[in-house]
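Report on the structure
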Amino acid sequence: MSRLFAFLRCDPFWTPGGDADKVSPPAGLAPPAEEQERLMQPVIEISGLSKTYDTGFQALKRVDLTIRQGEIFALLGPNGAGKTTLISIVCGLVRASTGTVLAGGHDIVRDYRAARRLIGLVPQELTTEAFETVWATVSFSRGLFGKPRDPALIERILRDLSLWDKKDQKIRTLSGGMKRRVLIAKALAHEPRILFLDEPTAGVDVELRRDMWRLVQRLRETGVTIILTTHYIDEAEEMADRVGVISKGEIILVEEKAELMRKMGRKQLKLVLQSPLGTVPEALAGHGLALSADGCELVYTYDTRGERTGITSLLRDLAAAGIRFRDLQTSQSSLEDIFVGLVGERP
């Protein structure tokens, strides 16, 4: 039995009309104070989580992490950092060595049925039922969670993922990108309140990536919590509310994306010179300037957190040295720059 099927296969335990079936109103309809309080509520609480495999390899080392209801949380890390192991434990596919995980207040071990019914998972691997039709496999996934038939919901999901015209096709006839869409549809079929996307756009075309992120935004508006792992860090920079970085099995940073960019981002001022320079003049050595290979640009890097950026004194010293420029540009560190710096600093 595959691990994904083991996650899905459990006794019918979803009771329509129960508390877990209640859907939060779209963010725009809730009063601001109420919405803010709701978003601060933890939906996943991970405490002291460790995983050591039989080989002795320690994939996770006492991970503590809280994910808030309704947020988009990006979990970033290099290959082998522990991202998939962490997701697999929360989803019940891998047993932790130590620690606890609560999903919606339910312990994933003691109250696994209630925990799993809240969770949807889009795995990294393309694991699909090759000889079933798209419609049948998505509908079956909904039934595994004890949910009643809802053809209108299945149709809406398939249309959102541009799968409606493929609904009667056998999955084995689909392209890799279409199979990825089917995995997403299966994960959404039982209307989860927590959605894990483990490298969801790996190897897919631009159209699917756009469809995927439009769908993510709509889900978020209904209060669904999204946990995303991706190697496309520009996606995390655009979509995420908060960012966590994992390296060698340890969470090394969790921060609001905007605050992370403000605190750790560095800015650069690029000066396009009127006349090229052979070297940086001695009078400007204290500014740490970098000269382009063709001598036509000076680049000044400064910390936005400092009391003074040093730009005023730089411009004054340039004027005193008789160096004139015809254009200037500023740029900010990207999330990818910050991520590479954080991971690169780890021993």
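Cut-off values and rules
- Residues numbered from 1 in each chain as written.
- Predicted model: local features only at pLDDT ≥ 70, side-chain atom pairs only at ≥ 80, totals over all residues.
- Heavy atoms only, no water.
- Pairing = 2+ DSSP bridges.
- Helix = DSSP H or I, 4+ residues; strand = E, 2+ residues; numbered from the N terminus.
- Contact = heavy atoms within 4.5 Å.
- Axes fitted to C-alpha atoms, helices over the stretch in contact; angles between N-to-C directions.
- Core = buried A, V, L, I, M, F, W, Y, C linked by side-chain atoms within 4.5 Å.
- Buried < 20%, exposed > 50% of the residue type's maximum accessible area, 1.4 Å probe, protein only.
- Arc of directions from axis to C-beta.
- Parallel < 35°, antiparallel > 145°, perpendicular 65-115°, else oblique.
- Left-handed = near helix turned anticlockwise from the far one by under 90°.
- Nonpolar A, V, L, I, M, F, W, Y, C, P; charged D, E, K, R; others polar.
- Phe/Tyr/Trp six-rings, centres within 6.5 Å; stacked < 30°, edge-to-face > 60°.
- Lys NZ or Arg CZ within 6 Å of the ring centre and 35° of its normal.

1. Here's the deal with the sheet that holds strand β1 (residues 42-52)
Strand order in the open sheet formed by four strands is β2-β1-β4-β5, and the pairing between neighbours is antiparallel. Two strands close off the open sheet at either side, each with one partner strand: β2 (58-68) and β5 (106-107). Two strands pair when backbone bridges link them, and β1 and β2 are joined in this way by seven bridges, in the antiparallel orientation. Looking at the pairing, Pro 42 lines up with Arg 68 of β2. Across the sheet, helix α3 (residues 83-90) touches β1, β2 and β4 (98-103), and the angle it forms with β1 is around 115°.

2. A look at the nonpolar core
By size, the foremost hydrophobic cluster in this structure holds 31 residues, and its most contacted members are Leu 195, Leu 197, Val 216 and Ile 226. Setting aside residues no more than four positions away along its own chain, Leu 195 makes contact with Gly 120, Leu 121, Val 122, Ala 187, Leu 188, Leu 219, Val 224, Thr 225, Ile 226 and Ile 227. One finds Ile 46, Val 63, Ala 81 and Ile 89 within the second-largest nonpolar core, a separate group that totals 29 residues.

3. Brief notes about the sheet that holds strand β6 (residues 119-122)
Within a sheet, adjacent strands bond to each other through the backbone by hydrogen bonds, running parallel or antiparallel. Spatially, β6-β7-β8-β3-β9-β10 is the arrangement adopted by the six strands of the open sheet, whose pairing is mixed. Two strands in the sheet have a free side with no partner beyond their single neighbour: β6 and β10 (250-256). Strand-to-strand twist of the sheet, defined as the mean angle between neighbouring strand axes without regard to direction, takes the value 15°. Pairing of strand β9 (residues 242-247) with β10 involves six bridges; the strand directions are antiparallel. The residue of β10 that forms the bridge with Ser 247 is Glu 250. In this fold α3 packs onto β3 (72-76), β6, β7 (194-198), β8 (225-229) and β9, with an angle of close to 150° to the strand it touches most, β7.

4. Thoughts on unusual backbone geometry
Residues apart from glycine generally show negative phi values, whereas peptide bonds are mostly found in trans. A positive phi angle, near 60°, is found at Glu 191, a position not held by glycine. With phi around 55°, Lys 248 is a residue other than glycine that occupies positive phi space. In this fold, Lys 248 is placed in the loop between β9 and β10.

5. As for helix α6 (residues 151-160)
Buried within α6 are the following residues: Leu 153, Ile 154, Ile 157 and Leu 158. Projected onto a plane normal to the axis of α6, the buried residues spread over an arc of 130° and lie on a single side. At its buried positions, α6 is contacted by α5 (134-144) and α7 (176-188). Positive phi shows up at Ser 162, right after α6, with a value of about 55°.

6. Section: the packing of α5 against α7
In contact at an axis separation of 7 Å, α5 and α7 are set at 30° when each is read in the N-to-C sense. For the element pair α5 / α7, the angle class is roughly parallel. The crossing of α5 and α7 is right-handed. Counting all contacts with α5, which are made through Val 134, Thr 137, Val 138 and Ser 141, the residues of α7 involved are Val 182, Ala 185 and Lys 186. Looking at the contact of α5 with α7 residue by residue, the class counts come to four nonpolar, two polar and one charged.

7. A look at the packing of aromatic side chains
As enumerated under the stated definition, the model contains one aromatic pair in all. Taken together, a centroid distance of 6.0 Å and an interplanar angle of 70° make the contact between Trp 135 and Trp 164 edge-to-face. Taken as a pair, Trp 135 in helix α5 and Trp 164 in the loop between α6 and α7 lie far apart in primary sequence, 29 residues in all. Above the plane of the ring of Tyr 53 lies Lys 51, whose end atom (NZ or CZ) is 4.9 Å from the centre. If you follow Lys 167 out to its NZ or CZ, it ends over the ring of Trp 164, 5.1 Å from the centre.

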